[in-house]
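Each chain is listed here by its residues.
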Amino acid sequence: MLQVNTTDINNYKEKEIEMIKQQYLGLNKKKKKMQKPSEKFRNIFNFEWDQSEDTSRYDTNPLYQNRLEPQILFGRGYIAGVDVREQRKKNNFYDRLVQNRINYSMKKHTEEELQKKKGSSLSHSTNIDTNVGTNAGTNAGTNTDTNAGTNTDTNVGTNITISQKKSLKTGTDSDIANYNGDSYSADIRKDKYNEENHNIILNNNIINNEVISKNTNDEFIYKPIINNIIKDVQNKHWSEKKREEMTDRDWRIFREDNEIYIKGGIVPPPIRTWEESGLSPDLLKAIKKAKYDKPTPIQMQAIPISLEMRDLIGIAETGSGKTAAFVLPMLSYVKKLPPLTYETSQDGPYALVIAPSRELAIQIYEETNKFASYCSCRTVALVGGRNAEAQAFELRKGVEIIIGTPGRLQDCLEKAYTVLNQCNYVILDEADRMMDMGFEET
Ligand SMILES: Nc1ncnc2c1ncn2[C@@H]1O[C@H](COP(=O)(O)OP(=O)(O)OP(=O)(O)O)[C@@H](O)[C@H]1O
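The rules we used
Residues numbered from 1 in each chain as written. Predicted model: local features only at pLDDT ≥ 70, side-chain atom pairs only at ≥ 80, totals over all residues. Heavy atoms only, no water. UniProt positions renumbered as here; feature names shortened; annotations may be inferred. Near = heavy atom within 4 Å. Polar contact = N/O pair within 3.5 Å; in protein donor to acceptor, adjacent residues only side chain to side chain. Areas by Shrake-Rupley, 256 points an atom, 1.4 Å probe, with all protein chains shown as cover. Helix = DSSP H or I, 4+ residues; strand = E, 2+ residues; numbered from the N terminus. Nonpolar A, V, L, I, M, F, W, Y, C, P; charged D, E, K, R; others polar. pLDDT = per-residue confidence, 0-100. Contact = heavy atoms within 4.5 Å. Pairing = 2+ DSSP bridges. Axes fitted to C-alpha atoms, helices over the stretch in contact; angles between N-to-C directions.

- Where an unreviewed UniProt entry is consulted, the chain appears under the name RNA helicase, with the organism given as Piliocolobus tephrosceles.
- UniProt's Sequence similarities (unreviewed entry) comment on the chain is quoted here verbatim: "Belongs to the DEAD box helicase family."

Shown next, in the form of structure tokens:
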């Protein structure tokens, strides 16, 4: 028998407890020491910088004197790929920047004006009519009209010029505007600029939809009315836009608003109204007659895809207008083909709709007939429980569209009541249900 003394037992117990702790708490896991390359190759390479190699201290370029603080934001203070409006709510980086520039420029300008006033009072009765920057693009052109001994005109006009506006935008330290101490605007050449379609100067201090006003501390406040940075945000809502004005972003919002989710390559944009669908006037008339004022979301997206003759799987809840979503493009397709004659009708229908139950097939048949009569399309419902001979008779006369259940359709094909020689448009309604019923095998 193995003799183990008590100290060993205690040691084993401690070890065991330690191992249990490690397993369940993940404690005391010693990290494997990794040797840094600098340590490993210490004797081969010299990683230490020699002081003489540091050029930064001798850099005289003022650009590098005040280095920028690292910013997680880029450009104008926005992070790429994140909704700008949301960011704007949280981040006023750019606004603060502009605000500071305005404050700085205004302060500087006020000081200069005071200096000028002091100078003018020293030169006694000199009439100074200052029209700074009436010429767009420059601040030159200060017109000093000296009429010694006449009225002292101290009305220093406030004109914001295009160049000044630009400097406000770009933040150069040039004058932004003349300032008469209290109000920001006085002599503004609104008409002139409107003529030139600049839309920059307005009497009420609105500059490109930005308002500059003063707060109680006599500081100039910059208030952007709308986002002047991202033009798209400035644009109208999609509902106010024409189809050709819609951007990808608008379509994305439109789809989100209508809960349309798509999967697949190069999907055409949805239709917002029936007029945008490109359906024939006959069909549009039929839609109007059916009192379908606006397409439902499934119709909005499925119709333009189907009209491109592309395969499509549409999923939408019951009563969402799926039937019209597939019937209308089908009728549009059939209408483009030559009308069936007795001879051509022997090759069978142009389109086929299969539904898992006779009730559903009848429902589709009725919905199709709402529109089919307007484009002279003949339809037949091949469903069980109805006279097969009557259906065969209809088929013989020729139909453009067959709507049926799998069982009766198979029956008709086997009995050669019809063939599908020219049927290139097939719709499977409630396809998942048909798969469950074994449609695939039959
Ligand atoms: N754009 C529309 N505007 C108004 N009514 C519509 C529109 N589209 C379809 N409808 C009507 O809505 C009702 C339901 O449509 P439909 O039967 O096509 O829905 P569905 O999604 O196919 O339903 P189910 O899943 O039961 O087959 C029908 O009475 C149809 O006439």
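Moving on from the coordinates now.
### With respect to the site of the ligand
Logical step 1: Around the ligand sit 17 residues, and of these Y292, Q299, G319, K322 and T323 come closest.
Logical step 2: One nitrogen or oxygen atom from the main chain of K294 is found 2.9 Å from a nitrogen atom belonging to the ligand.
Logical step 3: When isolated, the ligand has an accessible area of 620 Å², and the protein chains bury 74% of it.
Logical step 4: Sorting elements by how many residues they give to the shell around the ligand places helix α12 (residues 358-372) first, with 4 residues.
Logical step 5: Its residues assigned to classes, the shell around the ligand shows 4 nonpolar, 8 polar and 5 charged.

### Details of the confidence of the model for the chain
Logical step 1: Residues with a pLDDT of 70 or more make up 60% of the chain, whose mean pLDDT is 72.
Logical step 2: In the model of the chain, helix α5 (residues 162-170) stands out as the element of lowest mean pLDDT, 37, in contrast to strand β4 (residues 351-354), which has the highest, 96.
Logical step 3: Below a pLDDT of 50 lies the segment residues 123-210, which in the model reaches 164 contacts outside its immediate sequence neighbourhood of four places, other chains included.
Logical step 4: Below a pLDDT of 50 lies the segment residues 225-234, which in the model reaches 23 contacts outside its immediate sequence neighbourhood of four places, other chains included.
Logical step 5: Note on the complex model: pTM 0.53, ipTM 0.96.

### Remarks on the sheet that holds strand β7 (residues 425-428)
Logical step 1: If you walk across this open sheet you meet the 4 strands as β5-β6-β4-β7, and the pairing is parallel. Whereas interior strands pair on both sides, the edge strands pair on one side only; in this sheet they are β5 (379-382) and β7. The mean angle between the axes of side-by-side strands here comes to 15 degrees, regardless of whether they run parallel or antiparallel.
Logical step 2: By the bridge criterion, 4 bridges tie β4 to strand β6 (residues 401-404) in an arrangement that is parallel. Note that in β6 the partner of L352 across the bridge is I402.
Logical step 3: Along the sheet face, helix α11 (residues 322-336) touches β4, β6 and β7 and points at about 165 degrees away from the line of β7.

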